[in-house]
Amino acid sequence: MKTTTKKGAFRNTRQRQRILEVLRATDQHPTADWIYEQLKPEFPKLSLGTVYRNLAILQDQGLIHKLHCGSAHDRFEAHIDPHYHLICQDCGRLEDFEMPGYNELNGKANKLTDFTIQTHRIEFFGLCSECAQRGESQEA
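Values in this document were obtained by computation on a predicted structure and should not be read as measured data. (Residues numbered from 1 in each chain as written. Predicted model: local features only at pLDDT ≥ 70, side-chain atom pairs only at ≥ 80, totals over all residues. Heavy atoms only, no water.)

Novice: Please clarify how the overall build of the protein chain should be interpreted in this entry.
Specialist: Scanning the protein chain from terminus to terminus reveals five helices and seven strands. Secondary structure of the protein chain in N-to-C order comes out as β-β-α-α-α-β-β-β-β-α-β-α. Here the C-alpha radius of gyration of the protein chain, 18 Å, is well above what a compact globule of 140 residues would show, namely 14 Å. With the C-alpha coordinates of the protein chain rotated into their principal frame, the extents come out at 55 × 45 × 25 Å. Here the contacts in the protein chain between residues at least 6 apart in sequence split such that 46% fall between residues at least 24 apart. Split by element, the accessible area of the protein chain, about 9,500 Å² in all, is 51% carbon and sulfur. (Helix = DSSP H or I, 4+ residues; strand = E, 2+ residues; numbered from the N terminus. Rg over C-alpha atoms; globule rule 2.2 N^0.38 Å. Contact = heavy atoms within 4.5 Å. Areas by Shrake-Rupley, 256 points an atom, 1.4 Å probe, with all protein chains shown as cover.)

Novice: Please explain the packing of helix H2 (residues 32-39) against helix H3 (residues 48-60) as it appears in this structure.
Specialist: Packed helices, taken two at a time, are described by the angle between their axes plus the distance between the axes. Direction vectors running N to C along H2 and H3 enclose 115°, while the axes themselves pass 9 Å from each other. Between H2 and H3 the crossing geometry is right-handed. Mapping the contact onto sequence places Ala32, Asp33, Ile35 and Tyr36 in H2 and Leu48, Val51, Tyr52 and Leu55 in H3. Class assignment of the residues belonging to the contact of H2 with H3 gives a composition of seven nonpolar, no polar and one charged. (Axes fitted to C-alpha atoms, helices over the stretch in contact; angles between N-to-C directions. Left-handed = near helix turned anticlockwise from the far one by under 90°. Nonpolar A, V, L, I, M, F, W, Y, C, P; charged D, E, K, R; others polar.)

Set out below in structure tokens:
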């Protein structure tokens, strides 16, 4: 079976299906390297390039999101419903954050511009509870 994206038709492969399954099974926001390490025992001939290509296809298909978090490595998630992220500025921890008002914010922005707003991205930066606690204990 083939699926079609903006970039053309792609045959559904076992590797791509497993990448999606791995992403759906974790609440983390893994890097391509982490996904590669998880699947390498199952697919000994798997390359990191294959993981990146399949992640791009899954993103084009709208099945995953790529997150640009300011680090050297992009992260990926299969949680595609609208939501925000919390990012620890100390350890880099990244968490989903559900907060009401997502669609209302799009509507407000639509009224203030001639753009047709389709989506938005907000990331909250600070310290996770573990890093904040560690910082307090170092100050004492």
